Amino acid sequence: MRRALQILAAWLLAVSGIAQAQLTIEITGGGANQIPVAVLAFAGENALPSSLTDVIEADLARSGRFRAQYAGGVDPLPTEPAQINFADWKSRNTDALVIGQVARLADGRFEARFHLLDVPKQASLGGVVFTFTQAQVRATAHRIADFVYEKLTGERGVASTRIAYVVKQGPRYELQIADADGQGAQVALASREPIISPMWSPDGSRLAYVSFESKKPVVYVHSLTTGQRHVVANFRGSNSAPAWSPDGRQLAAVLSREGGSQLFVMNADGSNVRRLTTSSAIDTEPFFSPDGRTIYFTSDRGGSPQIYQIPASGGEPSRITFDGGYNVTPRLSPDGKTLAFVTRREGRFQLAVMDLANRQMQVLTDTQRDESPSFAPNGRMILYATELGGRGVLSATSSDGRVKQRLTVKAADVREPAWGPFLAN
Amino acid sequence: MKKKLIAAVALAVLYGCAGEPAKEEPKAGVEERTPGAAQKPAPAVRPPAAAQPVTPPRVKIDPLKDPSNILSKRSIFYDYDKDEIKPEFRPLIEAHGKYLAQNKGAKMLIQGNCDERGSREYNIALGQRRADGVKRLLLLMGASESQIESVSLGEEKPRCNSNTEECYAQNRRSDMLYSGEY
């Protein structure tokens, strides 16, 4: 009976639905080589509950790689390639155009048909037809934005991806999942005890995290499709800092069960626990390299917390950071070439990146309390937590530090962000 | 009737005081309790019979809750980024070590805590090291391994919430909690 109640409680929490507080986004800065693109209102999109093209344009602007161009004076707006006056758009210094139309289908769904055009070449870069319901307007806009992004940059866009983060409001902690633009937030877990260190499984179906609901840190894996969760590490002492292997089969975590805080690797269901590091120091914050062969981690074995790497199969660790007395929270870019981490400079905790090929380090922010960096799956942005006016906020910066956005929730602390993987198409 | 009532109230207050010291050390790790739970009021109504004894019954004072006993103190404080136990906290830990050695049925949870600066996960590890240090000293005093679990709350359960040095100092601590206190 008790078990049944627990399952029911977990289920209730899992489906507790739409989050009350929405993230709001503010973008600052701008890249030098932004592509000027005009997203023209789609014919017939007034019939939708909300605008498609506003969301597409916002997605493109948020990436920092595009500059929105406006259609002032163009009337009527073209909805088919044949209607475009390329000379006019060229004189407006517009490189790309997105045009389209929306129609209501007999079954009540909608159909969006759009084209992306290269203005200098006066050529179509392709188009797609999407069929969607009223509830899928934003999701459809994100997919169109990702199509445009990929055609114009040659890289995958992240508008359709999701982020996880923790909101603390008074004594209440919520693990929330939202679209990458902060909209459509859902509560995956609500608790009166802290929740930290959410990490997406590589397929985006599960989150590993640390919950303090049993008065100490315990590692859970939570399925986002079923809402079911299970304990993967609840040994004597503390259990924390979960990290997924790229194949989703293994988890690295920090356990204190054998004394001190040491790295262990286990199967994703918590079985077959083996110890990875053997030091008398702190070893924590493991993170797998994209090829799964190396684990980066934080250790104070050299006297101050610094970043090290160790073969995932065990072996000798080697030190990565030397500059400064506090370098923590290593996170690798999806291509494995860049390391994001937090460095302490004159008492300020700032987001930094290191090019692993030449070990060049660059501090990306000028804030005081940066924490928990997380790369977008295309490696172009880094999401992190920081503090503004005494409150926790999320920020995202382009990996070169040029474009920054801030995501805030009114009257609440937002922290512990984790950018989810690409969704399978 | 009125006299009886006064006597009952007086006795109830007496009971309340003996069993539950009104002012305890601020309890750590129990922030989730409803305010005032630590100062449980005496039962409002006692059976009339309770008003009859002339001398109050002797109540054995729990040394862990007796404010005049060192065992009622439970917190050890640290310097920034440090886990060394300062000399002034050794007698406190030694007293608890002896208590655990003499009361083999007693169980303790040590929660290590940090101030909010720096990485949350690194702070979990730092809090663990603080708690482990306290545990080591307790074992040295004769407590057994099976009596003590040391865990870390990192920076997640601050006792004080401002960005001041005074607050940070209160949050860098280990709390020793016995069964039923967490």
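Rules used in this analysis
- Position numbers for residues count from 1 along each chain, tracking the sequence in the order it is written.
- Just so you know, chain letters begin at A and ligand numbers begin at 1, following the order they were written in.
- A pLDDT threshold of at least 70 governs which residues receive local features in this predicted model, and a stricter bar of 80 or more applies before side-chain atom pairs are shown or counted, although totals over entire chains, interfaces and linings include all residues.
- To get the side-chain values, take all heavy atoms of the structure and skip hydrogens and water.
- Working definition: helices are DSSP H or I runs of at least four residues, strands are E runs of at least two. Numbering for both runs from the N terminus.
- Relative accessibility decides the category of a residue: with a 1.4 Å probe and only protein chains considered, values under 20% of the type maximum give buried, values over 50% give exposed, and everything between is partly exposed.
- Only the protein chains shown count as cover for residues, and all accessible areas are computed by the Shrake-Rupley method using a 1.4 Å probe.
- Note on terminology: pairs of cysteine sulfur atoms within 2.5 Å are recorded as disulfides.
- Whether two residues are in contact is decided by their heavy atoms, any of which lying within 4.5 Å being enough.
- The term buried area denotes the loss of accessible surface (1.4 Å probe radius) that occurs when two parts are joined, taken as the sum for both partners.
- Any carboxyl oxygen of Asp or Glu that lies within 4 Å of a side-chain nitrogen of Lys or Arg is treated as forming a salt bridge with it.
- Distance and chemistry together define a polar contact, namely a pair of N or O atoms within 3.5 Å, with one atom able to donate a hydrogen and the other to accept it when in protein, and with adjacent residues in sequence counting only for side-chain atoms on both sides.
- Strands qualify as paired when DSSP identifies two bridges or more between them.
- Interaxial angles span 0 to 180 degrees and are taken between N-to-C directions of axes, which are lines fitted to C-alpha atoms, for helices over the stretch in contact.

A few words now on the overall build of chain B. The secondary structure content of chain B amounts to four helices and four strands. Reading chain B from its N end, one meets helices and strands in the order α-β-α-β-α-β-α-β. Relative to its full complement of 182 residues, chain B shows a buried share of 43%. Carbon and sulfur atoms form 59% of the exposed surface of chain B, whose accessible area is close to 9600 Å².

All names here are of chain B. Tallied over the entire structure, the rule returns one disulfide over all chains. Through a disulfide, Cys160 is tied to Cys167; the S-S separation comes to 1.7 Å. One disulfide, between Cys160 and Cys167, carries an S-S torsion of -65° and so falls in the left-handed class. Both residues of the pair, Cys160 and Cys167, count as buried.

A few words now on the interface of chain A and chain B. Chain A puts 36 residues into the contact, and the matching count from chain B is 32 residues. Here chain A packs against chain B, burying approximately 2700 Å² in sum over the two surfaces, 48% of which is carbon and sulfur. Here chain A and chain B share seven salt bridges between them. When the shortest N-O distance is used, the salt bridge between B:Arg120 and A:Glu371 registers 3.3 Å. Here chain A is connected to chain B by 23 residue pairs in polar contact (both at pLDDT 80 or more). Of all the secondary-structure elements, those providing two or more residues to the side of chain A that touches chain B are strand S10 (195–200), strand S14 (239–244), strand S18 (283–288), strand S22 (327–332) and strand S30 (413–419) of chain A.

This part is about the sheet that holds strand S3 (residues 148–154) of chain B. The strands making up a sheet associate through backbone hydrogen bonding, with each pair oriented either parallel or antiparallel. Residue and element names in this part refer to chain B. Ordered by their spatial adjacency, four strands build an open sheet running S1-S4-S2-S3, and the pairing between neighbours is mixed. Looking at the sheet topology across the chains shown, the edges are occupied by strand S1 (75–77) and S3. The average angle at which neighbouring strand axes cross in this sheet is 20°, direction not considered. As paired elements, strand S2 (residues 108–113) and strand S4 (residues 173–178) share five bridges and run antiparallel to each other. Residue pairing across strands places Ile110 opposite Met176, the latter belonging to S4. Seen against the sheet, helix H3 (residues 120–140) touches S1, S2, S3 and S4 and runs at an angle of roughly 155° to S3.

This part takes up unusual backbone geometry. Residue and element names in this part refer to chain A. With an omega of 0°, the peptide bond between Asp75 and Pro76 qualifies as cis. Looking at the secondary structure, you find Pro76 in the loop between strand S3 (66–68) and helix H3 (86–91). Its identity is not glycine, yet Ser197 carries a phi of approximately 55°, on the positive side. Secondary-structure assignment places Ser197 in strand S10. Of note in this structure, Glu416 is not a glycine but carries a positive phi near 55°. Positionally, Glu416 belongs in strand S30.

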